[in-house]
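Single-letter residue listing:
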Amino acid sequence: GINAEYGVIYNNGAYFVWDATTALYLREKFGIVGVLSGTLPRKPRQNKVHGLPLQLMKEEVVLLHIGGVIEVVEQVDLPSVKSEARYLEYLSSSYKDQNVFLQDSIYKKSQKFVDTPVDEPAHLNLKGEVDINNPPYHLQKIFFRQSDQFWERKVRDFDLVQLTDAEKLRVVVLRDLRCRGYLVTSGSKFGGDFLVYPGDPLVYHAYFVVRVAARDHEMRATDILAFSTTGGIEGQWF
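(A) Structural view of the overall build of the chain. A tally of regular secondary structure across the chain gives 5 helices and 9 strands. Each helix and strand of the chain, ordered N terminal to C terminal, gives the series β-β-α-β-β-α-β-α-β-α-β-β-β-α. Split into buried and exposed, the 238 residues of the chain put 36% on the buried side. Here the contacts in the chain between residues at least 6 apart in sequence split such that 59% fall between residues at least 24 apart. Accessible surface, the chain: about 15400 Å² in total, of which carbon and sulfur atoms supply 53%.

(B) Representation of the nonpolar core in the model. Counting 13 residues, the largest nonpolar core has Val8, Val17, Leu26, Leu56, Val61, Leu64 and Ile70 as the members making the most contacts within it. If you list the elements that add at least two residues to this core, you get β2 (14–17), α1 (20–30), β4 (51–56) and α2 (58–66). Val62, Leu163, Leu174 and Val184 belong to the second largest nonpolar core, which has 12 residues in total.

(C) Representation of the side chain of glutamate 60 in the model. Following the sequence through the fold, glutamate 60 ends up in helix α2. Buried within the structure, glutamate 60 lacks any salt-bridge partner; its nearest side chain of opposite charge belongs to arginine 178, at an N-O separation of 7.2 Å. Once you skip the residues sitting within four places of it in the chain, glutamate 60 turns out to touch Ile32, Val33, Gly34, Leu174 and Val184.

(D) Spatial organisation of the pattern of salt bridges. Taken as a whole and judged by the stated rule, the model has 4 salt bridges. Residue aspartate 200 pairs with arginine 27 through a salt bridge whose shortest N-O separation is 2.7 Å. Remark: arginine 27 occurs in helix α1 and aspartate 200 occurs in the loop between β8 (194–197) and β9 (208–210); sequence separation between them is 173 residues. In this structure arginine 27 comes out as partly exposed when scored by relative accessible area, which is 25%. In this structure, the salt-bridge partner of glutamate 59 is arginine 170, at a minimum N-O distance of 2.8 Å. Of this pair, glutamate 59 sits in helix α2 while arginine 170 sits in helix α4 (residues 165–179), and the two are 111 residues apart along the sequence. For glutamate 59, a relative accessible area of 9% translates into the label buried.

(E) Structural detail: the packing of aromatic side chains. One pass over the full model with this rule turns up 3 aromatic pairs. Seen in terms of ring centroids, tyrosine 10 and tyrosine 15 are 5.2 Å apart; in terms of plane orientation they differ by 55°. Their pairing is tilted. Aromatic side chains tyrosine 25 and phenylalanine 30 sit 5.7 Å apart centroid to centroid with 75° between the ring planes, which places their arrangement in the edge-to-face category.

(F) Structural view of α4. Over its 15 residues, α4 runs 21 Å from end to end, which matches the ideal 21 Å to within 8%, given 1.5 Å per residue. Looking at α4, one finds that the buried residues are Glu167, Arg170, Val171, Leu174 and Leu177. Taken around the axis of α4, the buried residues stretch over an arc of 130°, which confines them to a single face. For α4, the exposed residues lying more than 90 degrees away from the buried face are Asp165, Val172 and Cys179.

(G) Summary view of α1. Taken residue by residue, α1 has Thr22, Ala23 and Leu26 as its buried positions. One side of α1 holds all its buried residues, which, seen down the axis, span an arc of 105°. Turned more than 90 degrees away from the buried face of α1 sit Thr21, Glu28 and Lys29, all of them exposed. Buried-residue contacts for α1 involve β2, β4 and α2. By the N-cap criterion, in which a side-chain oxygen at the helix start approaches the backbone nitrogen of a residue two or three places on, α1 is capped by aspartate 19, the distance to threonine 21 being 3.2 Å.

What counts, and at which threshold
- Per chain, residue numbering runs from 1 following the sequence as it is written.
- With pLDDT at 70 or above as the cut-off, local features in this predicted model cover only qualifying residues; side-chain atom pairs require 80 or more to be listed or tallied, and sums for whole chains, interfaces and linings still use all residues.
- Side-chain descriptors were evaluated using all non-hydrogen atoms of the structure, hydrogens and water having been removed beforehand.
- For helices the rule is a DSSP run of H or I covering at least 4 residues; for strands it is a run of E covering at least 2, with both sets numbered from the N terminus onward.
- Partly exposed describes any residue whose relative accessible area lies between the buried limit of under 20% and the exposed limit of over 50%, with all areas from a 1.4 Å probe on protein chains only and scaled to the type maximum.
- Residue contacts are defined here by distance: any two heavy atoms, one from each residue, within 4.5 Å place the two residues in contact.
- Note on areas: Shrake-Rupley, 1.4 Å probe, and residue coverage restricted to the protein chains presented here.
- Residue types Ala, Val, Leu, Ile, Met, Phe, Trp, Tyr and Cys, when buried and joined through side-chain atoms within 4.5 Å, form a set referred to as a nonpolar core.
- The convention is simple: Lys and Arg are positive, Asp and Glu are negative, and His and the chain ends are not counted.
- For this analysis, a salt bridge means a side-chain nitrogen from Lys or Arg found within 4 Å of a carboxyl oxygen belonging to Asp or Glu.
- Note on aromatic pairs: the rings of Phe, Tyr and Trp (six-membered ring only in Trp) are paired at centre separations within 6.5 Å, and the planes decide the class, stacked below 30 degrees, edge-to-face beyond 60, tilted for the rest.
- Here a helix's expected span is defined as the number of its residues, less one, multiplied by 1.5 Å.
- As used here, the arc is the angular range of directions from the helix axis to the C-beta atoms.
- Residues adjacent in sequence count toward polar contacts only when both atoms are side-chain atoms; beyond that, a polar contact is any pair of N or O atoms within 3.5 Å, and within protein one must be able to donate a hydrogen and the other to accept it.

See the structure below:
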């Protein structure tokens, strides 16, 4: 399994994977798609393409935890003065490295448009200092703030007792869908619990929307019509 350092981070009721290796492993090995909810480090001012962290559904986390694949960890308390100092030192070092990389990239591109290359343009400061309290807008990066290199963390006591009856039912349904070979994502945007795909969502459209209900749940005809209309607009069966 994956140790806690590369596990799932619990934060304010949500579950995140901050490590790219872990996110790729969960997708390839267990069909866990999740939702990328961060910005790209070098393109932070757009929302068409997202990056880490990867947010997982609670039901996915339960199945992975039961299978012994991951551990769920959470921050114990606010960072101490000592850990905050280490983190600021890390930020400063990272900003400097990014500054050198970015300006060197600009310099190399500029050489394509001049007849006589120069060693270093005067307007570039490849060894310049960076004020971490007011960094240039282009020096953007997602930092693994939950890393125990800076803040203390603990393994979260995570078991089925913490789940409501509705959540337990969704876990059972999710497990059944995964056993049938489907890939599953959240169906909240279509009024359901899950969106079900026959393969990778990057290649296939969702086949249908799943709304989980208990066997004795009474559902009105108007509810069925509303759910069907919502899914039918995008071509999914409910």
